[in-house]
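# Summary of structural features
Take a look at the letters that make up each chain.
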There are 2 protein chains.
Amino acid sequence: MKYSSLILTLPVWMETFIERFTFPLPTVEARMRFVIAMALENIRRKTGGPFAAALFDAASGDLIAPGVNRVVPLNCSLAHAEMMALGLAQQHLDTFNLGAQGCPEVELVTSAEPCAMCSGALPWSGIRKLVFGATDADARAIGFDEGAKMTTWVDALEQRGIAVTAEVCRKEAGEVLREYAQRHGVIYNGRVEEKSPNRGDKPEGSCRT
Amino acid sequence: MKYSSLILTLPVWMETFIERFTFPLPTVEARMRFVIAMALENIRRKTGGPFAAALFDAASGDLIAPGVNRVVPLNCSLAHAEMMALGLAQQHLDTFNLGAQGCPEVELVTSAEPCAMCSGALPWSGIRKLVFGATDADARAIGFDEGAKMTTWVDALEQRGIAVTAEVCRKEAGEVLREYAQRHGVIYNGRVEEKSPNRGDKPEGSCRT
(Lines give C-alpha, C1' and ligand atoms only; values in the text may rest on other atoms or scores of the structure.)
Protein backbone atom coordinates (compact mmCIF):
# COMPACT_ATOMS: atom_id res chain seq x y z
CA MET A 1 0.00 0.00 0.00
CA LYS A 2 1.25 3.47 -0.82
CA TYR A 3 1.03 4.69 2.78
CA SER A 4 1.50 1.84 5.18
CA SER A 5 4.46 2.93 7.33
CA LEU A 6 5.59 6.16 8.91
CA ILE A 7 9.33 5.94 9.53
CA LEU A 8 11.07 8.50 11.74
CA THR A 9 14.84 8.15 12.00
CA LEU A 10 17.55 9.85 14.03
CA PRO A 11 20.45 11.42 12.11
CA VAL A 12 23.32 9.07 11.27
CA TRP A 13 25.77 11.10 13.39
CA MET A 14 23.84 10.35 16.60
CA GLU A 15 25.58 7.12 17.58
CA THR A 16 29.13 8.51 17.47
CA PHE A 17 27.94 11.78 19.02
CA ILE A 18 26.57 9.95 22.06
CA GLU A 19 29.85 8.06 22.47
CA ARG A 20 31.56 11.39 23.26
CA PHE A 21 29.62 11.64 26.54
CA THR A 22 29.95 9.56 29.68
CA PHE A 23 26.70 8.34 31.17
CA PRO A 24 25.06 8.44 33.65
CA LEU A 25 24.79 12.24 33.84
CA PRO A 26 24.19 13.01 37.51
CA THR A 27 22.65 16.51 37.43
CA VAL A 28 19.87 18.13 35.42
CA GLU A 29 22.37 20.73 34.26
CA ALA A 30 24.68 18.05 32.86
CA ARG A 31 21.71 16.38 31.14
CA MET A 32 20.64 19.73 29.70
CA ARG A 33 24.15 20.47 28.42
CA PHE A 34 24.12 17.12 26.58
CA VAL A 35 20.74 18.01 25.07
CA ILE A 36 21.88 21.50 24.04
CA ALA A 37 24.99 20.00 22.42
CA MET A 38 22.70 17.66 20.42
CA ALA A 39 20.57 20.61 19.25
CA LEU A 40 23.71 22.45 18.15
CA GLU A 41 25.01 19.39 16.31
CA ASN A 42 21.63 19.05 14.59
CA ILE A 43 21.75 22.55 13.14
CA ARG A 44 25.45 22.45 12.24
CA ARG A 45 24.96 19.14 10.40
CA LYS A 46 21.76 20.53 8.82
CA THR A 47 19.77 17.49 9.94
CA GLY A 48 16.79 19.34 11.41
CA GLY A 49 15.57 22.24 13.53
CA PRO A 50 17.26 23.80 16.59
CA PHE A 51 15.65 21.55 19.16
CA ALA A 52 16.79 18.42 21.01
CA ALA A 53 15.47 16.32 23.87
CA ALA A 54 16.38 13.18 25.76
CA LEU A 55 14.77 10.81 28.18
CA PHE A 56 16.73 9.86 31.26
CA ASP A 57 16.29 7.56 34.19
CA ALA A 58 15.59 10.42 36.62
CA ALA A 59 17.33 8.74 39.56
CA SER A 60 20.49 7.46 37.89
CA GLY A 61 20.89 9.83 34.93
CA ASP A 62 21.22 6.95 32.48
CA LEU A 63 20.20 7.85 28.93
CA ILE A 64 17.01 6.09 27.83
CA ALA A 65 16.59 7.73 24.42
CA PRO A 66 17.79 10.83 22.57
CA GLY A 67 15.78 12.92 20.11
CA VAL A 68 16.34 15.81 17.75
CA ASN A 69 13.96 17.79 15.58
CA ARG A 70 13.61 16.09 12.17
CA VAL A 71 10.63 17.97 10.67
CA VAL A 72 12.21 19.26 7.47
CA PRO A 73 14.54 16.37 6.51
CA LEU A 74 11.92 13.69 7.20
CA ASN A 75 8.98 15.68 5.78
CA CYS A 76 6.97 15.23 8.94
CA SER A 77 5.59 18.00 11.15
CA LEU A 78 5.23 15.53 14.02
CA ALA A 79 8.97 14.90 14.24
CA HIS A 80 9.71 17.29 17.09
CA ALA A 81 12.61 16.37 19.35
CA GLU A 82 10.38 15.43 22.29
CA MET A 83 8.17 13.20 20.12
CA MET A 84 11.23 11.43 18.67
CA ALA A 85 12.65 10.73 22.15
CA LEU A 86 9.28 9.55 23.53
CA GLY A 87 8.48 7.27 20.62
CA LEU A 88 11.97 5.78 20.41
CA ALA A 89 12.03 5.10 24.16
CA GLN A 90 8.60 3.47 24.15
CA GLN A 91 9.35 1.18 21.23
CA HIS A 92 12.78 0.32 22.69
CA LEU A 93 11.26 -0.52 26.09
CA ASP A 94 8.23 -2.28 24.54
CA THR A 95 5.71 -0.09 26.37
CA PHE A 96 3.29 2.67 25.41
CA ASN A 97 3.45 3.84 29.02
CA LEU A 98 6.81 4.93 30.43
CA GLY A 99 5.11 5.23 33.82
CA ALA A 100 4.16 1.55 33.86
CA GLN A 101 5.17 -0.83 36.62
CA GLY A 102 8.79 -1.87 36.12
CA CYS A 103 9.82 1.35 34.36
CA PRO A 104 12.30 3.65 36.07
CA GLU A 105 10.96 7.14 36.83
CA VAL A 106 11.49 8.85 33.47
CA GLU A 107 12.60 12.46 33.01
CA LEU A 108 12.29 14.32 29.71
CA VAL A 109 14.97 16.99 29.31
CA THR A 110 14.27 19.27 26.35
CA SER A 111 16.21 22.23 25.03
CA ALA A 112 13.08 24.38 24.67
CA GLU A 113 9.65 24.64 26.25
CA PRO A 114 7.38 22.03 24.62
CA CYS A 115 4.89 23.30 22.04
CA ALA A 116 1.15 22.65 22.24
CA MET A 117 1.49 19.23 20.53
CA CYS A 118 4.42 18.04 22.64
CA SER A 119 3.00 19.23 25.95
CA GLY A 120 -0.24 17.45 25.00
CA ALA A 121 1.77 14.28 24.32
CA LEU A 122 3.38 14.18 27.77
CA PRO A 123 0.46 12.88 29.89
CA TRP A 124 -0.11 9.99 27.44
CA SER A 125 3.58 9.06 27.53
CA GLY A 126 3.88 8.13 31.20
CA ILE A 127 6.88 10.37 31.96
CA ARG A 128 7.11 11.81 35.48
CA LYS A 129 9.42 14.80 35.10
CA LEU A 130 9.88 17.53 32.51
CA VAL A 131 12.92 19.82 32.43
CA PHE A 132 13.21 22.52 29.78
CA GLY A 133 15.77 25.17 28.82
CA ALA A 134 14.74 27.97 26.45
CA THR A 135 11.26 29.37 26.82
CA ASP A 136 8.32 29.77 24.51
CA ALA A 137 9.27 33.44 24.21
CA ASP A 138 12.78 32.47 23.05
CA ALA A 139 11.31 30.19 20.33
CA ARG A 140 8.77 32.81 19.25
CA ALA A 141 11.55 35.41 19.07
CA ILE A 142 13.06 33.58 16.08
CA GLY A 143 9.65 33.00 14.47
CA PHE A 144 8.38 29.61 15.66
CA ASP A 145 4.71 29.54 16.66
CA GLU A 146 4.44 27.23 19.64
CA GLY A 147 0.69 26.89 19.19
CA ALA A 148 -2.20 27.76 21.47
CA LYS A 149 -1.17 26.51 24.90
CA MET A 150 -3.05 27.12 28.11
CA THR A 151 -1.35 29.74 30.27
CA THR A 152 -1.76 27.15 33.04
CA TRP A 153 -0.06 24.31 31.08
CA VAL A 154 2.50 23.69 33.85
CA ASP A 155 -0.26 23.29 36.45
CA ALA A 156 -2.16 21.01 34.07
CA LEU A 157 0.88 18.73 33.72
CA GLU A 158 1.54 18.77 37.46
CA GLN A 159 -2.09 17.77 38.10
CA ARG A 160 -1.38 14.75 35.88
CA GLY A 161 1.65 13.77 37.95
CA ILE A 162 4.40 15.40 35.86
CA ALA A 163 6.77 17.69 37.77
CA VAL A 164 8.08 20.60 35.69
CA THR A 165 11.44 22.40 36.04
CA ALA A 166 11.78 25.49 33.85
CA GLU A 167 14.66 27.47 32.36
CA VAL A 168 17.58 25.16 33.14
CA CYS A 169 20.57 26.60 31.21
CA ARG A 170 18.10 28.87 29.41
CA LYS A 171 20.80 31.19 28.08
CA GLU A 172 22.83 28.42 26.40
CA ALA A 173 19.65 26.79 25.07
CA GLY A 174 18.47 30.10 23.63
CA GLU A 175 21.84 30.60 21.92
CA VAL A 176 21.18 27.53 19.73
CA LEU A 177 17.91 29.09 18.59
CA ARG A 178 19.65 32.34 17.77
CA GLU A 179 22.46 30.58 15.91
CA TYR A 180 19.82 28.75 13.83
CA ALA A 181 18.16 32.04 12.93
CA GLN A 182 21.55 33.53 11.99
CA ARG A 183 22.16 30.53 9.73
CA HIS A 184 18.79 31.21 8.04
CA GLY A 185 17.41 27.85 9.12
CA VAL A 186 13.90 27.02 7.93
CA ILE A 187 11.18 28.34 10.26
CA TYR A 188 8.63 25.72 9.35
CA ASN A 189 5.27 26.83 10.74
CA GLY A 190 2.67 25.33 8.45
CA ARG A 191 0.53 28.39 7.81
CA VAL A 192 0.58 30.81 4.92
CA GLU A 193 -1.17 33.43 7.07
CA GLU A 194 1.87 33.42 9.33
CA LYS A 195 2.96 36.80 10.62
CA SER A 196 6.14 36.00 12.50
CA PRO A 197 9.23 38.17 12.49
CA ASN A 198 11.58 35.80 10.75
CA ARG A 199 9.39 34.54 7.91
CA GLY A 200 10.69 36.72 5.11
CA ASP A 201 11.24 34.49 2.13
CA LYS A 202 11.76 31.32 4.13
CA PRO A 203 10.50 28.20 2.38
CA GLU A 204 7.28 26.71 3.70
CA GLY A 205 7.79 23.36 2.06
CA SER A 206 6.32 22.26 -1.21
CA CYS A 207 3.93 19.53 -2.21
CA ARG A 208 4.60 16.73 -4.65
CA THR A 209 1.02 16.42 -5.87
CA MET B 1 22.21 1.98 17.45
CA LYS B 2 19.57 0.57 19.76
CA TYR B 3 17.10 3.40 19.13
CA SER B 4 17.57 4.84 15.67
CA SER B 5 14.13 4.43 14.06
CA LEU B 6 10.56 4.88 15.17
CA ILE B 7 8.33 2.82 12.88
CA LEU B 8 4.56 3.30 12.92
CA THR B 9 2.58 0.98 10.66
CA LEU B 10 -1.06 0.67 9.66
CA PRO B 11 -2.76 -2.68 10.27
CA VAL B 12 -2.35 -5.25 7.49
CA TRP B 13 -6.12 -5.30 6.84
CA MET B 14 -6.13 -1.65 5.74
CA GLU B 15 -5.42 -2.13 2.06
CA THR B 16 -8.26 -4.58 1.38
CA PHE B 17 -10.55 -2.61 3.69
CA ILE B 18 -10.06 0.56 1.61
CA GLU B 19 -10.82 -1.37 -1.58
CA ARG B 20 -14.39 -1.90 -0.32
CA PHE B 21 -15.09 1.83 -0.65
CA THR B 22 -15.42 3.93 -3.79
CA PHE B 23 -13.55 7.22 -3.77
CA PRO B 24 -13.95 10.15 -4.02
CA LEU B 25 -16.44 10.50 -1.16
CA PRO B 26 -18.43 13.64 -1.95
CA THR B 27 -19.88 14.63 1.45
CA VAL B 28 -18.43 15.02 4.93
CA GLU B 29 -21.00 12.49 6.15
CA ALA B 30 -19.78 9.89 3.65
CA ARG B 31 -16.17 10.59 4.66
CA MET B 32 -17.11 10.27 8.33
CA ARG B 33 -18.92 6.96 7.74
CA PHE B 34 -15.75 5.60 6.11
CA VAL B 35 -13.73 6.76 9.12
CA ILE B 36 -16.19 5.26 11.62
CA ALA B 37 -16.11 1.97 9.69
CA MET B 38 -12.29 1.98 10.00
CA ALA B 39 -12.51 2.58 13.77
CA LEU B 40 -14.94 -0.34 14.09
CA GLU B 41 -12.69 -2.60 12.01
CA ASN B 42 -9.75 -1.60 14.21
CA ILE B 43 -11.45 -2.72 17.41
CA ARG B 44 -12.98 -5.87 15.91
CA ARG B 45 -9.58 -6.93 14.53
CA LYS B 46 -7.96 -5.93 17.87
CA THR B 47 -5.38 -3.79 16.09
CA GLY B 48 -5.72 -0.68 18.25
CA GLY B 49 -8.03 1.72 20.05
CA PRO B 50 -11.52 2.86 18.99
CA PHE B 51 -10.38 5.84 16.94
CA ALA B 52 -9.82 6.42 13.22
CA ALA B 53 -9.10 9.41 11.01
CA ALA B 54 -8.42 10.18 7.37
CA LEU B 55 -7.13 13.03 5.29
CA PHE B 56 -9.11 13.98 2.22
CA ASP B 57 -8.76 16.44 -0.59
CA ALA B 58 -11.50 18.72 0.77
CA ALA B 59 -12.79 19.72 -2.66
CA SER B 60 -12.85 16.36 -4.42
CA GLY B 61 -13.21 13.91 -1.52
CA ASP B 62 -10.23 11.85 -2.70
CA LEU B 63 -8.53 9.92 0.08
CA ILE B 64 -5.03 11.23 0.85
CA ALA B 65 -4.21 9.00 3.83
CA PRO B 66 -6.05 6.83 6.38
CA GLY B 67 -5.12 6.38 10.03
CA VAL B 68 -6.21 4.27 12.98
CA ASN B 69 -5.16 4.29 16.61
CA ARG B 70 -2.14 1.99 17.08
CA VAL B 71 -1.01 2.89 20.61
CA VAL B 72 -1.17 -0.52 22.26
CA PRO B 73 -0.06 -2.84 19.40
CA LEU B 74 2.86 -0.57 18.39
CA ASN B 75 3.83 0.36 21.95
CA CYS B 76 3.70 4.06 21.18
CA SER B 77 1.51 6.63 22.92
CA LEU B 78 1.96 8.99 19.96
CA ALA B 79 0.20 6.63 17.54
CA HIS B 80 -3.22 8.27 17.66
CA ALA B 81 -5.33 7.97 14.51
CA GLU B 82 -4.92 11.64 13.58
CA MET B 83 -1.13 11.50 14.00
CA MET B 84 -0.91 8.36 11.83
CA ALA B 85 -2.93 9.98 9.03
CA LEU B 86 -0.98 13.26 9.19
CA GLY B 87 2.44 11.62 9.23
CA LEU B 88 1.62 9.12 6.49
CA ALA B 89 0.18 11.84 4.25
CA GLN B 90 3.17 14.12 4.75
CA GLN B 91 5.73 11.44 4.01
CA HIS B 92 3.70 10.21 1.01
CA LEU B 93 3.42 13.75 -0.42
CA ASP B 94 7.04 14.62 0.48
CA THR B 95 6.08 17.67 2.51
CA PHE B 96 6.03 18.61 6.19
CA ASN B 97 3.38 21.21 5.33
CA LEU B 98 0.09 20.00 3.85
CA GLY B 99 -0.85 23.66 3.36
CA ALA B 100 2.15 24.30 1.09
CA GLN B 101 1.82 25.64 -2.42
CA GLY B 102 0.78 22.84 -4.76
CA CYS B 103 -1.10 20.87 -2.07
CA PRO B 104 -4.86 20.48 -2.39
CA GLU B 105 -6.84 21.96 0.54
CA VAL B 106 -6.62 19.14 3.06
CA GLU B 107 -9.44 18.08 5.41
CA LEU B 108 -8.88 15.86 8.44
CA VAL B 109 -11.94 13.78 9.29
CA THR B 110 -11.63 12.08 12.66
CA SER B 111 -14.03 9.81 14.51
CA ALA B 112 -13.58 11.67 17.81
CA GLU B 113 -12.63 15.14 18.97
CA PRO B 114 -8.83 15.43 18.89
CA CYS B 115 -7.03 15.20 22.24
CA ALA B 116 -4.62 17.87 23.52
CA MET B 117 -1.68 16.34 21.58
CA CYS B 118 -3.53 15.94 18.30
CA SER B 119 -5.19 19.35 18.38
CA GLY B 120 -1.74 20.81 19.09
CA ALA B 121 -0.38 18.94 16.05
CA LEU B 122 -2.91 20.42 13.62
CA PRO B 123 -1.47 23.93 13.11
CA TRP B 124 1.99 22.46 12.38
CA SER B 125 0.54 20.05 9.80
CA GLY B 126 -0.82 22.58 7.31
CA ILE B 127 -4.36 21.13 7.15
CA ARG B 128 -7.19 23.61 6.51
CA LYS B 129 -10.28 21.78 7.75
CA LEU B 130 -11.09 19.58 10.73
CA VAL B 131 -14.26 17.50 10.96
CA PHE B 132 -14.91 15.37 14.04
CA GLY B 133 -17.63 12.94 15.17
CA ALA B 134 -17.78 11.89 18.83
CA THR B 135 -16.98 14.52 21.42
CA ASP B 136 -14.48 14.80 24.22
CA ALA B 137 -17.34 13.94 26.62
CA ASP B 138 -18.03 10.71 24.69
CA ALA B 139 -14.34 9.68 24.96
CA ARG B 140 -14.18 10.62 28.64
CA ALA B 141 -17.36 8.64 29.29
CA ILE B 142 -15.49 5.38 28.54
CA GLY B 143 -12.42 6.49 30.52
CA PHE B 144 -10.04 8.20 28.10
CA ASP B 145 -8.47 11.40 29.40
CA GLU B 146 -8.25 13.76 26.45
CA GLY B 147 -5.73 15.95 28.26
CA ALA B 148 -5.83 19.57 29.30
CA LYS B 149 -7.23 21.44 26.31
CA MET B 150 -8.20 25.07 26.24
CA THR B 151 -11.96 25.54 26.35
CA THR B 152 -11.36 27.85 23.38
CA TRP B 153 -9.44 25.25 21.33
CA VAL B 154 -11.80 25.57 18.33
CA ASP B 155 -11.30 29.35 18.21
CA ALA B 156 -7.54 28.85 18.54
CA LEU B 157 -7.52 26.54 15.50
CA GLU B 158 -9.75 28.85 13.51
CA GLN B 159 -7.39 31.76 14.28
CA ARG B 160 -4.66 29.62 12.70
CA GLY B 161 -6.69 29.11 9.52
CA ILE B 162 -8.28 25.72 10.33
CA ALA B 163 -12.09 25.56 9.99
CA VAL B 164 -13.73 23.16 12.47
CA THR B 165 -16.95 21.16 11.97
CA ALA B 166 -18.13 19.34 15.10
CA GLU B 167 -20.31 16.32 15.81
CA VAL B 168 -20.76 14.92 12.31
CA CYS B 169 -22.43 11.49 12.79
CA ARG B 170 -21.71 11.83 16.52
CA LYS B 171 -24.10 9.04 17.50
CA GLU B 172 -22.51 6.42 15.21
CA ALA B 173 -19.02 7.56 16.16
CA GLY B 174 -19.89 7.31 19.86
CA GLU B 175 -21.21 3.78 19.36
CA VAL B 176 -17.72 2.58 18.39
CA LEU B 177 -16.39 3.95 21.69
CA ARG B 178 -19.13 2.19 23.63
CA GLU B 179 -18.57 -1.08 21.77
CA TYR B 180 -14.87 -0.86 22.64
CA ALA B 181 -15.72 -0.38 26.32
CA GLN B 182 -18.13 -3.34 26.19
CA ARG B 183 -15.34 -5.45 24.67
CA HIS B 184 -13.11 -4.41 27.61
CA GLY B 185 -10.61 -2.72 25.30
CA VAL B 186 -7.53 -1.25 26.99
CA ILE B 187 -8.08 2.31 28.25
CA TYR B 188 -4.45 3.31 27.97
CA ASN B 189 -4.03 6.59 29.83
CA GLY B 190 -0.46 6.66 31.03
CA ARG B 191 -1.01 7.68 34.62
CA VAL B 192 -1.27 5.60 37.75
CA GLU B 193 -3.02 8.46 39.59
CA GLU B 194 -5.83 8.16 37.05
CA LYS B 195 -9.33 8.60 38.42
CA SER B 196 -11.48 7.80 35.40
CA PRO B 197 -14.66 5.75 35.56
CA ASN B 198 -13.54 2.80 33.49
CA ARG B 199 -10.07 2.15 34.89
CA GLY B 200 -10.88 -0.76 37.16
CA ASP B 201 -8.26 -3.43 36.60
CA LYS B 202 -7.42 -2.38 33.05
CA PRO B 203 -3.79 -2.98 32.16
CA GLU B 204 -1.57 0.09 32.02
CA GLY B 205 1.20 -1.56 30.03
CA SER B 206 4.37 -2.98 31.41
CA CYS B 207 8.01 -2.16 30.99
CA ARG B 208 10.72 -4.42 29.66
CA THR B 209 13.54 -2.96 31.77
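Described below are features of the structure shown in this document. Predicted model only: the values in this text are computed from it and were never measured. (Residues numbered from 1 in each chain as written. Chains lettered and ligands numbered in written order. Predicted model: local features only at pLDDT ≥ 70, side-chain atom pairs only at ≥ 80, totals over all residues. Heavy atoms only, no water.)

## A word on the side chain of T47(B)
Residue and element names in this part refer to chain B. Checked against the element boundaries, T47 lands in the loop between α2 (28–44) and β2 (52–57). On the basis of relative accessible area, T47 is assigned to the buried category, the value being 15%. If near-sequence neighbours (up to four positions away) are discounted, T47 is found in contact with P11, W13, N42, N69, R70 and P73. (Helix = DSSP H or I, 4+ residues; strand = E, 2+ residues; numbered from the N terminus. Buried < 20%, exposed > 50% of the residue type's maximum accessible area, 1.4 Å probe, protein only. Contact = heavy atoms within 4.5 Å.)

## Examining the environment of V106(B)
All names here are of chain B. Tracing the backbone through its elements, the reader meets V106 in strand β4 (residues 106–112). Judged by relative accessible area, which is 1%, V106 ranks as buried. Along the chain, V106 and D138 lie 32 residues apart, while their C-alpha atoms are 26 Å from each other.

## A few points about the interface of chain A and chain B
In this complex, chain A contributes 76 residues to the contact, which on the side of chain B involves 76 residues. Of the roughly 6900 Å² buried at the junction of chain A and chain B (both faces included), carbon and sulfur atoms supply 58%. In this structure, the connection of chain A to chain B is made through two salt bridges. Notably, a salt bridge pairs D145(A) with R160(B), separated by 2.9 Å at the nearest N-O pair. Summed over the shared surface of chain A and chain B, the result is 16 residue pairs in polar contact (both at pLDDT 80 or more). Of the residues in the side of chain A that touches chain B, the class split is 39 nonpolar, 25 polar and twelve charged. Across five bridges, the pairing between strand β1 (residues 5–9) of chain A and strand β1 (residues 5–9) of chain B is antiparallel. Within the sheet, the bridge partner assigned to T9(A) lies in β1(B) and is S5(B). (Buried area = accessible area lost by both parts, 1.4 Å probe. Salt bridge = Lys/Arg side-chain N within 4 Å of Asp/Glu carboxyl O. Polar contact = N/O pair within 3.5 Å; in protein donor to acceptor, adjacent residues only side chain to side chain. Nonpolar A, V, L, I, M, F, W, Y, C, P; charged D, E, K, R; others polar. Pairing = 2+ DSSP bridges.)

## Quick word on the relation of the copies chain A and chain B
For the pair chain A and chain B, the relating rotation is 180°, the translation along its axis is 0.0 Å, and the fit reaches an RMSD of 0.0 Å. Look at the turn and shift together and you get a two-fold axis relating the two. When you check the interface residues of chain A against chain B, 100% turn up at the interface there too, and the contact is symmetric in its surfaces. (Least-squares fit on C-alpha atoms with pLDDT ≥ 70 in both.)

## Digging into the packing of helix α5 (residues 116–125) of chain A against helix α5 (residues 116–125) of chain B
At a closest axis distance of 7 Å, the pairing of α5(A) and α5(B) adopts a crossing angle of 160°. It follows from the interaxial angle that α5(A) and α5(B) lie roughly antiparallel. Read as a crossing pair, α5(A) and α5(B) show a hand that is left-handed. On the side of α5(A), the interface is formed by A116(A), M117(A), G120(A), A121(A) and W124(A), while α5(B) contributes A116(B), M117(B), G120(B), A121(B) and W124(B). (Axes fitted to C-alpha atoms, helices over the stretch in contact; angles between N-to-C directions. Parallel < 35°, antiparallel > 145°, perpendicular 65-115°, else oblique. Left-handed = near helix turned anticlockwise from the far one by under 90°.)

## Quick look at the packing of aromatic side chains
Applying the stated criterion to the full structure yields 18 aromatic pairs over all chains. Judged by centre distance (5.4 Å) and plane angle (75°), the rings of W13(B) and F17(B) are edge-to-face. Residue W13(B) is classed as buried on the basis of its relative accessible area, which comes to 5%. Taken together, the aromatic side chains of W13(A), F17(A), F21(A), F23(A), F34(A) and F56(A) make up a single cluster linked through ring pairs. Here the basic side chain of R31(A) rests over the ring of F56(A), its NZ or CZ set 5.7 Å away from the ring centre. A cation sits over an aromatic face here: K149(A) above W153(A), 3.9 Å from the ring centre. (Phe/Tyr/Trp six-rings, centres within 6.5 Å; stacked < 30°, edge-to-face > 60°. Lys NZ or Arg CZ within 6 Å of the ring centre and 35° of its normal.)

## Some details on the sheet that holds strand β3 (residues 63–68) of chain A
All names here are of chain A. In spatial order, the strands read β3-β2-β4-β5-β6; together these five strands make up an open sheet with mixed pairing. The two strands at the open ends of the sheet, each matched to only one other strand, are β3 and β6 (163–165). For this sheet, the mean inter-axis angle between neighbouring strands, taken without regard to orientation, is 15°. Inspection of the sheet shows strand β2 (residues 52–57) paired to β3 by five bridges, in the antiparallel sense. Residue pairing for β3: A52 is matched across the bridge by V68. The strands that helix α4 (residues 81–93) touches are β2, β3 and β4 (106–112); relative to β3, the one it contacts most, it runs at about 145°.

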